[in-house]
Every structure is written in C-alpha cells, then in structure tokens.
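# Fold and geometry: a report
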Amino acid sequence: MRRIAVLGGHGKTGRAVVAALNDRGARAVPLGRADQADLAGALDGCDAVYVIAPNLHPDEPEHVADAVVAAQIAGVPRLVYHSVASPYVPAMPHHLGKAESEDVVRRSGLAWTILQPGAYLQNLDLTAPVRVPYDVHAAFGFLDLADLGAAAATVLLDDGHVGATYELATRVATVAGLAAEAGVTAERVDDPGTHPWLSAMFAYYDRHGLPVGTLPLRSLLGRNPA
Ligand SMILES: NC(=O)c1ccc[n+]([C@@H]2O[C@H](COP(=O)([O-])OP(=O)(O)OC[C@H]3O[C@@H](n4cnc5c(N)ncnc54)[C@H](OP(=O)(O)O)[C@@H]3O)[C@@H](O)[C@H]2O)c1
C-alpha cells in the first residue's frame, strides 16, 4: 500500500486530500504543527509527500524549503506542492510567496508536481445572503474541495505527472451568479481589514477577479468536475 504524507493534513484542504487518497486505497498520513520539529522522522517510510502551507504563512518559501529538505533526508522521492492559481501576481504578497515556493520545489531535485488551485467553492456560505469585500460580478475559477482531493490523489498515485504544473478550477463563475443559483442575495461590503495581505487580495479580486481554466482538472479527473 502506498504511504503518502500530507503536510497540513488536518486542515480544510488537507482533509480533502487525505479522504481522496484513502478512497483510492493509499495510506494517507496527515501531519500538522506537532510534526514540524522532526519532519524528516515523520516522513520516514513515505512514498510521496503533499505539501500544504498554512494560510498566510509569513515565510512560505522557507516553510516549503524545510519540507523539501525533510523529504530529501527521509529519502522521499516524490513531492507535490499545493500552490495557488496565478501565483506570480506582484500585487498579492501571499501569492508571490507561493511563486517563490514553486521555484524552491522546481530546484529541489525531487520528482515534483505543482497544483495551482482557484478559490474554493466552500469558502462561500450559500445558505445565507453572501457578503464579500470585492465586486460580486468579478469572474473566478472556483474549485470544489472534493475535486481538489481527487486531482491530488491522481497526480500522487498515477504516472505521468512529474514535472507538471496544473491550474485547477471546477467552474468559472461570479459570486453573484452562484448566489442567484442558490436563491440568496450577494452584496459587496467594505474590507474588514483583518490582514494587509488579505486586503491586497480583496483589492485585486475587486478589479480583476481570479479567472482559472477548467480543462486541466477535467483532463486529470477523466470526467466533468463535481
Ligand atoms: N482557501 C482557498 O480558497 C485557497 C485557494 C488556493 C490555495 N489555498 C491555500 O491552501 C492552503 C491551506 O489552506 P487551508 O484553509 O486548508 O488551511 P487550514 O485549514 O488553516 O490548515 C492549516 C494546516 O496547516 C497546519 N499548520 C498551521 N500552522 C502551521 C505551522 N506554523 N507549521 C506547520 N503546520 C502548520 C495546521 O496544523 P495543525 O493540524 O497542527 O493545526 C493545519 O493542518 C494555504 O496555503 C492557502 O493559501 C487556499
């Protein structure tokens, strides 16, 4: 049975990846903060590692570099990095952190793959009026977390994905469109200003949305996304 470590495996993203790996008959090993002290030890005996950095990590390239070194020490040959759609956007600092992390991964000498997910559909609560601090008519490539899990399991368990970078979206939509389908209203509100990087992201979303193509995901899953 293939043993796959999932860094950040207890979080929202990680749980979707762990569930999909287990569905495919692999043995997923979710790792979190407590495993960070001896990451190489935690990775021992794993065939591959899926690297998810915590949200808004102040130094994501260093966090990813630590994961790369741990994989090298543990002799784990395969690494898949969970990046973001449009990582190279100078106006969004946390996207730039992922662009730099992609470079770390590409220079690691490991057999790598990079996934570039769009905003998760599950970020929106469509059971109540939707209020977001950006233009509700801006276009996004939204990603369903179950589709993300299935795509991650595919690149981790199947051949042909080493050296590949895939952007992932289930569907292109606007917040106003999704809200209308769900029968609720959508409204743009002021940015609450909780974190400067989030404010920068909302300002970018407000002007440009975050469009992402849907064909790579369809191709990876061999079916229409969820
Ligand atoms: N939300 C989106 O739409 C979206 C879209 C594209 C990409 N992403 C990216 O997806 C990633 C994960 O997001 P998420 O919402 O799944 O995160 P999350 O639910 O907050 O999960 C965070 C995970 O990281 C671990 N963690 C937290 N701080 C840590 C630290 N200092 N050192 C090591 N591990 C630490 C946590 O470990 P414990 O189990 O110990 O708590 C947990 O397993 C982020 O990088 C985000 O940018 C998100």
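Anything mentioned here points back to the structure above.
Residues numbered from 1 in each chain as written. Predicted model: local features only at pLDDT ≥ 70, side-chain atom pairs only at ≥ 80, totals over all residues. Heavy atoms only, no water.

### What to know about the sheet that holds strand E8 (residues 165-168)
Taken together, the 6 strands give an open sheet; going across it, the order is E2-E1-E3-E4-E5-E8, and neighbouring strands pair in parallel fashion. Looking at strand neighbours, the two that pair on one side only are strand E2 (27-31) and E8, the edges of this open sheet. Neighbour to neighbour, the strand axes of the sheet diverge by 20° on average, direction disregarded. The pairing of strand E4 (residues 78-82) with strand E5 (residues 111-117) spans 5 bridges and is parallel. Each bridged residue has a counterpart across the sheet, and for Leu-79 the counterpart in E5 is Trp-112. Where helix H5 (residues 145-157) meets the sheet, its contacts fall on strand E1 (3-7), strand E3 (48-51), E4, E5 and E8, and the angle it forms with E3 comes to roughly 145°. (Pairing = 2+ DSSP bridges. Helix = DSSP H or I, 4+ residues; strand = E, 2+ residues; numbered from the N terminus. Axes fitted to C-alpha atoms, helices over the stretch in contact; angles between N-to-C directions. Contact = heavy atoms within 4.5 Å.)

### Quick look at the pattern of salt bridges
By the definition in use, this model includes 8 salt bridges. Here Arg-107 ties to Asp-103 by a salt bridge, and the two come within 3.1 Å at their closest N and O atoms. On the accessibility criterion, Arg-107 (61% relative accessible area) is exposed. For Asp-103, a relative accessible area of 37% corresponds to the partly exposed category. Put simply, Glu-181 and Arg-171 hold a salt bridge, and the shortest N to O gap is 2.8 Å. (Salt bridge = Lys/Arg side-chain N within 4 Å of Asp/Glu carboxyl O. Buried < 20%, exposed > 50% of the residue type's maximum accessible area, 1.4 Å probe, protein only.)

### Observations concerning a negative patch on the surface
Residues Asp-59, Glu-62, Asp-66 and Glu-100 make up a contiguous surface patch of negative charge. Counting through the fold element by element, Glu-100 comes out in helix H4 (residues 93-106). (Patch = residues over 30% accessible without salt bridge, like charges linked within 9 Å, V, L, I, M, F, W, Y side chains within 5 Å. Areas by Shrake-Rupley, 256 points an atom, 1.4 Å probe, with all protein chains shown as cover. Lys, Arg positive; Asp, Glu negative; His and termini not counted. Charge placed at Lys NZ, Arg CZ, Asp CG, Glu CD.)

### Considerations on the nonpolar core
One finds Leu-21, Tyr-50, Leu-115, Leu-148, Leu-156 and Leu-168 to be the most contacted residues of the largest nonpolar core, which totals 30 residues. Residue assignment for this core shows that the elements contributing at least two residues are E1, helix H1 (12-23), E3, H5, E8 and helix H8 (215-221). At 8 residues, H5 tops the list of elements feeding residues into this core. Excluding residues that lie within four positions of it along the chain, Tyr-50 makes contacts with Ala-5, Val-6, Leu-7, Val-17, Val-80, His-82, Leu-115, Leu-148, Ala-152 and Leu-156. (Core = buried A, V, L, I, M, F, W, Y, C linked by side-chain atoms within 4.5 Å.)

### Considerations on the site of the ligand
Taken together, 23 residues surround the ligand, and among them Thr-13, Arg-33, Ala-53, Lys-98 and Asn-123 come closest. Take His-82: an N or O atom from its side chain is 3.5 Å from an oxygen atom of the ligand. One of the side-chain nitrogen or oxygen atoms of Lys-98 is found 2.7 Å away from an oxygen atom of the ligand. For the ligand, whose accessible area on its own is 940 Å², the fraction buried by protein is 79%. (Near = heavy atom within 4 Å. Polar contact = N/O pair within 3.5 Å; in protein donor to acceptor, adjacent residues only side chain to side chain.)

### Some words on the packing of aromatic side chains
Per the counting criterion, the structure on display carries 5 aromatic pairs. Each ring, one from Tyr-134 and one from Phe-202, has its centre 6.0 Å from the other, and the planes form 25°; the classification is stacked. With Tyr-134 in the loop between strand E6 (130-132) and strand E7 (139-142) and Phe-202 in helix H7 (residues 196-208), this pair connects stretches of sequence that are 68 residues apart. Both residues of the pair, Tyr-134 and Phe-202, count as buried. (Phe/Tyr/Trp six-rings, centres within 6.5 Å; stacked < 30°, edge-to-face > 60°.)

### As for the pairing of E3
By the alternation rule, side chains of E3 split into Ala-48 and Tyr-50 and Val-49 and Val-51, which are all buried. Of the strand pairs in this sheet, E1 and E3 are connected by 4 bridges, and their pairing is parallel. By the bridge assignment, Val-6 is partnered in E3 with Tyr-50. Alignment of E3 against E4, held across 4 bridges, turns out to be parallel. Residue pairing for E4: Ala-48 is matched across the bridge by Arg-78. Of the crossover connections in this fold, the one passing from E3 over helix H3 (residues 60-74) to the parallel E4 is right-handed. (Right-handed = clockwise from strand over helix to strand, strands pointing away.)

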